[in-house]
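# Notes for the structure review
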Amino acid sequence: MITKLSLSNFRSYSHLELNLTPNINVIIGKNGHGKTNILEAIYFISNIRSHRTRNDLSMIKHDSEYARIIIESQKNDKHNKIMSVIHSKGKYFSINNQSIKKTSEMLGMINTVLFYPTETTLFSDSPSVRRNFFDVEIGKVSQIYTYNFQTFNRLLKDRNQMLKREALDDILFEMITSEMIDVQIEISKRRFILIQYINQNIQAVLDKLLTQSIPINIQYKSTVVNQDRDALKISYQKCKQRDIQLKATQDGIHRDDYLILSDDIEVSKVLSQGQIRMVLLAIKLVIVDFIYEKSGIKPILLLDDVMSELDADNQINLINAIQDVQTIITTTETLNIFEKQNVNNIHIVNSHIRNEEA
Ligand SMILES: Nc1ncnc2c1ncn2[C@@H]1O[C@H](COP(=O)(O)OP(=O)(O)OP(=O)(O)O)[C@@H](O)[C@H]1O
Ligand SMILES: [Mg+2]
């Protein structure tokens, strides 16, 4: 869990020191006062990138030279201080004042699961968005997955380059194809495991969140999943001529998709906006459990503006569903449930913490 967040020149913050409690922390503030910026800073340390921008420099406060984020955390009774500096020359990370050489070493130090409302486009976006969505989650619990994934991308690029050439070096081509089959089997296995986990657990979570039950099932569509090596070799052999003609590898895990269904119809075509939001939230909550089960450590739940479209009953259901996870929620309004429950209310005004006594 995170015990403290310190920011210097990060987005709208010149300076911020924020103590966090182990359960629910609510950041309350008006539009544009700096709530999402706080979640973005935590997300950045966790994922070594922002969820809002690919341009790291945009996170540096205007007219400042660098931004700094420090997170103090408690993991298995060990206190850690994780720091990042974003500078025009690059981004730097350190753990307990030891600088990190490979950013991959940062992954897993702080695991977060973030919900933000616009991500509901996931259900109607292109397959690549869904692939990326689930890949990021699997990467949090498996460095091998990330490694295999990078290997696959490299092999795919090599294979496609070969397909574009006039003459094909058959021996090399078969070697690449064969290697590609091996890593794909591993990748699709892990994708399958995550989806199976979600399917087995999502109904119970949704039932906790919703007064009216919605059946949800995710179908993992892949030409690779549950196929053995020999079968895949045969199918790649069969498709070789087509791949040569089209000058690109047509089948493989780079074409996988996930159909998120309610009673066999894609949720984007059948559910209301509010229901879609709850389904996304339920997927995130199941992923929290998945990460916990696989890594032994509960990730931190970041919920950006989650309350605004929920009716009062669903708000209470949500708060009850997240009691045992460290959570940071942003909201524009103080809600009654936050007063009653044991939550840490933090009021933000113009990117400063408002002192309750003031
Ligand atoms: N690099 C930057 N330097 C200075 N200020 C910035 C920078 N990037 C963003 N901001 C400011 O941060 C503010 C937005 O903060 P944030 O997105 O956290 O708001 P919010 O409280 O989440 O609002 P909402 O309720 O509308 O979601 C804006 O006022 C914006 O001008
Ligand atoms: Mg916001």
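Here the structure is a predicted model, which means the values were calculated and not measured.

What follows covers the overall build of the chain. Counting its regular elements, the chain contains ten helices and 15 strands. Radius of gyration (C-alpha) of the chain: 22 Å, near the 21 Å computed for a compact globule of 358 residues. Going through the 358 residues of the chain one by one, you find that 35% of them count as buried. For the chain, the proportion of contacts with a sequence separation of at least 24, taken over those separated by at least 6, is 71%.

Turning next to helix H4 (residues 170–209). For H4, built from 40 residues, the straight-helix expectation of 58 Å at 1.5 Å per residue is met to within 8% by its first-to-last C-alpha distance of 55 Å. The largest bend along H4 measures about 40° and falls at Asn-201.

Let us now look at the site of ligand 1. In the neighbourhood of ligand 1, 16 residues make up the surrounding shell, with Ser-12, Asn-31, Lys-35, Thr-36 and Asn-37 lying closest. The biggest single contributor to the shell around ligand 1 is helix H1 (residues 35–47), with three residues. Of the residues belonging to the shell around ligand 1, the class tally is one nonpolar, eleven polar and four charged.

Attention now moves to the domain arrangement of the chain. Segmentation of the chain into domains returns domain 1 (1–111 + 297–358) and domain 2 (115–295). One C-alpha centre belongs to domain 1, the other to domain 2, and the line joining them spans 29 Å. Between domain 1 and domain 2, the residue contacts involve 21 residues of the former and 20 residues of the latter. When contributions to the side of domain 1 that touches domain 2 are tallied by element, the ones reaching two or more residues are strand S12 (300–303) and helix H9 (312–321). Its residues assigned to classes, the side of domain 1 that touches domain 2 shows ten nonpolar, six polar and five charged.

In this section: the nonpolar core. Judged by nonpolar contacts, the single largest core of 85 residues is most densely connected at Leu-5, Ala-41, Ile-42, Val-279, Ala-282, Val-286 and Leu-302. No other element matches the 13 residues that helix H8 (residues 273–295) contributes to this core. Here this core spans two domains, since at least three of its residues come from each of domain 1 (1–111 + 297–358) and domain 2 (115–295).

A separate point is the sheet that holds strand S15 (residues 352–353). For sheets, the rule is that strands pair by backbone hydrogen bonds, running either parallel or antiparallel. Taking strand neighbours across the sheet as the criterion, the six strands line up as S8-S12-S13-S3-S14-S15 in an open arrangement whose pairing is mixed. Each of the sheet's edge strands pairs with one partner strand only, and the pair in question is strand S8 (112–115) and S15. Sheet topology note: the strand S3 (residues 24–29)/strand S13 (residues 327–331) ladder contains five bridges and is parallel. Of the residues in S13, the one forming a bridge with Ile-24 is Thr-327. Packing of H1 onto the sheet brings it into contact with S3, S8, S12, S13 and strand S14 (343–349), and relative to S8 it is tilted by some 145°. On top of the sheet, H8 reaches S8 and S12; it is set at about 175° to S8, its chief contact.

Rules used throughout
- Residues numbered from 1 in each chain as written.
- Chains lettered and ligands numbered in written order.
- Predicted model: local features only at pLDDT ≥ 70, side-chain atom pairs only at ≥ 80, totals over all residues.
- Helix = DSSP H or I, 4+ residues; strand = E, 2+ residues; numbered from the N terminus.
- Rg over C-alpha atoms; globule rule 2.2 N^0.38 Å.
- Buried ≥ 20, exposed ≤ 12 C-beta atoms within 10 Å, placed from the backbone.
- Contact = placed C-beta atoms within 7 Å.
- Expected span 1.5 Å × (residues − 1).
- Bend = angle between axes of the 7 residues up to and from the residue.
- Near = placed C-beta within 6 Å.
- Nonpolar A, V, L, I, M, F, W, Y, C, P; charged D, E, K, R; others polar.
- Domains from an automatic or database assignment.
- Core = buried A, V, L, I, M, F, W, Y, C linked by C-beta atoms within 7 Å.
- Pairing = 2+ DSSP bridges.
- Axes fitted to C-alpha atoms, helices over the stretch in contact; angles between N-to-C directions.

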